[in-house]
Amino acid sequence: MAEATISRIADMLGDEAQDLLEHECKVSKDQLHLPGSDFVDRVWRDSDRNPRVLRNMQALFDAGRLGGSGYLSILPVDQGIEHTGGNSFAPNPAYFDPKNIVELAIEGGCNGVASTFGVLGSVARKYAHKIPFILKLNHNELLSYPNQYDQVPFTRIEDAYNMGCVGVGATVYWGSEESRRQLQEISEMFSYAHELGMVTILWCYVRNSDFTIDGTNYEASADLTGQANHLGVTIEADIIKAKQPTVNYGFKKMREERDGSYAKLDERIYSDLMTDHPIDMTRYQVVNCYMGRCGLINSGGSSGENDLHQAVRTAVINKRAGGMGLISGRKAFQKPMEDGVELLNAIQDVYLDDEITVA
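Here is a short report on the structure shown in this document. Since the structure is predicted, the reported quantities are computational estimates derived from the model, not experimental observations.

What counts and what doesn't
Residues numbered from 1 in each chain as written. Predicted model: local features only at pLDDT ≥ 70, side-chain atom pairs only at ≥ 80, totals over all residues. Heavy atoms only, no water. Phe/Tyr/Trp six-rings, centres within 6.5 Å; stacked < 30°, edge-to-face > 60°. Buried < 20%, exposed > 50% of the residue type's maximum accessible area, 1.4 Å probe, protein only. Lys NZ or Arg CZ within 6 Å of the ring centre and 35° of its normal. Helix = DSSP H or I, 4+ residues; strand = E, 2+ residues; numbered from the N terminus. Contact = heavy atoms within 4.5 Å. Expected span 1.5 Å × (residues − 1). Core = buried A, V, L, I, M, F, W, Y, C linked by side-chain atoms within 4.5 Å. Axes fitted to C-alpha atoms, helices over the stretch in contact; angles between N-to-C directions. Parallel < 35°, antiparallel > 145°, perpendicular 65-115°, else oblique. Left-handed = near helix turned anticlockwise from the far one by under 90°. Nonpolar A, V, L, I, M, F, W, Y, C, P; charged D, E, K, R; others polar.

**Considerations on the packing of aromatic side chains**
Under the counting rule described, the total for this entry stands at eight aromatic pairs. A ring pair is formed by Phe-89 and Phe-96, whose centres lie 5.1 Å apart and whose planes are at 65°; its orientation type is edge-to-face. Judged by relative accessible area, which is 7%, Phe-89 ranks as buried. Among the aromatic residues, ring-to-ring pairing joins Phe-89, Tyr-95, Phe-96 and Phe-333 into one connected group. Lying over the aromatic face of Trp-203, Lys-136 brings its terminal NZ or CZ to 5.3 Å of the ring centre.

If you want it as structure tokens, here you go:
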């Protein structure tokens, strides 16, 4: 990482550099279980996870450029189902071929690759021993008319075990009409995955059109996403994947504008636990993951302009908040492979730079 200095990262952050690199959080980092080379032994050894889970968790932490750091860089490619194949891969049709998805994760120095049953199964014998596989268990498909938004299982836990996966992933749309069914499905699947020795990663998404108030989408609110994460770790997700919060006061707005009896609200979450600063809001997500016992990995966001800047910014916020890493898909695979590798490496450089500290 010789060329990746704090000054280079600061240059990428531009006018936000000082604010993001020097901010101090409301909740002290001393209260957190922070990532590190000993994370499995320090945090998970005394849990109910069996030795096979711990072994696979350590294998995930030991892989790729971040191996041994306690941080994770994962390439997720399930967008062929979630966003349709044509829409996802038209910018770079090479990624219709599963081989190129896995090759990008390997060349990009990722800890693991997360994808669908079809993608991973088609190349498992060639790659499952070269990079940790994470099988995404459920998806939302967009071919049915009218389009619906519901995560349903596409495969079985045994399929992940048989192809040599170290872990499984799943999504719950918290707040949706379907969330209770998804909760029950994934809770059972995660329990069986642990029994077979696999790590569990939950994509925690808040999803309900009623959370949009006066043109603001509170699905990305720090308080709502924090509670979604807290529900996720309750069903024993070992790692939580969440979108970084961009707004706040979702609970407050829902009570004021929708239903005064909605949920429960203590105003001290806004005054004592966080501010509106992006690192504070992401710290609140970490706090809800049992103070970091379950690692928080944030998504890099949709692909578009200034992808490198946005990816580095997201990584800095996640790391300084006490998070465990980044999961970045479209920003990486909707580009030529060398550009995708550059972006993944830039994310990893943030976690490898000891001068970027936890706030």
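**Looking at the environment of Trp-203**
Inspection of the secondary structure assignment puts Trp-203 in strand 7 (residues 199-206). Since its relative accessible area comes to 5%, Trp-203 is described here as buried. Each C-alpha atom of the pair Trp-203 and Ala-59 lies 21 Å from the other, and the pair is 144 residues apart in sequence. Those residues in contact with Trp-203 that lie beyond four places of it in its chain are Pro-76, Ala-114, Lys-136, Gly-169, Ala-170, Thr-171, Val-172, Lys-241 and Ile-327.

**Comments concerning helix 11 (residues 222-234)**
Its 13 residues give helix 11 an end-to-end C-alpha distance of 18 Å, which sits within 8% of 18 Å, the value for a rise of 1.5 Å per residue. Buried within helix 11 we find Ala-222, Asp-223, Leu-224, Thr-225, Gly-226, Ala-228, Asn-229, Gly-232 and Val-233. Taken from the residues just after helix 11, Glu-236 is the one with a positive phi, measuring 65°.

**Comments concerning the nonpolar core**
Leu-75, Phe-133, Leu-202 and Ile-240 are the most contacted members of the largest nonpolar core, which has 88 residues in total. When residues of this core are assigned to their parent elements, the largest contribution, seven residues, is made by strand 7. With sequence-adjacent residues up to four places away left out, Leu-75 is seen in contact with Ile-101, Leu-104, Ala-105, Cys-110, Gly-112, Val-113, Ala-114, Ser-328, Gly-329 and Ala-332. In terms of nonpolar packing, the next biggest core, distinct from the first, is built from 24 residues, Met-12, Val-312, Ile-347 and Tyr-351 among them.

**Quick look at the environment of Val-43**
Note that Val-43 resides in helix 3 (residues 39-44). When the C-alpha atoms of Val-43 and Arg-293 are compared, they prove to be 6.3 Å apart, with 250 residues separating the residues in sequence. When residues no more than four places from it in sequence are discounted, the contact partners of Val-43 are His-33 and Arg-293.

**Digging into the packing of helix 11 against helix 14 (residues 278-288)**
In the contact formed by helix 11 and helix 14, the axes pass within 8 Å of each other and the chain directions differ by 20°. Relative to helix 14, helix 11 is oriented roughly parallel. In this structure, helix 11 meets helix 14 at a crossing whose hand is right-handed. On the side of helix 11, the interface is formed by Ala-222, Asp-223, Thr-225, Gly-226, Gln-227, Asn-229, His-230 and Val-233, while helix 14 contributes Met-281, Tyr-284, Gln-285 and Asn-288. When grouped by side-chain class, the residues that make up the contact of helix 11 with helix 14 number four nonpolar, seven polar and one charged.

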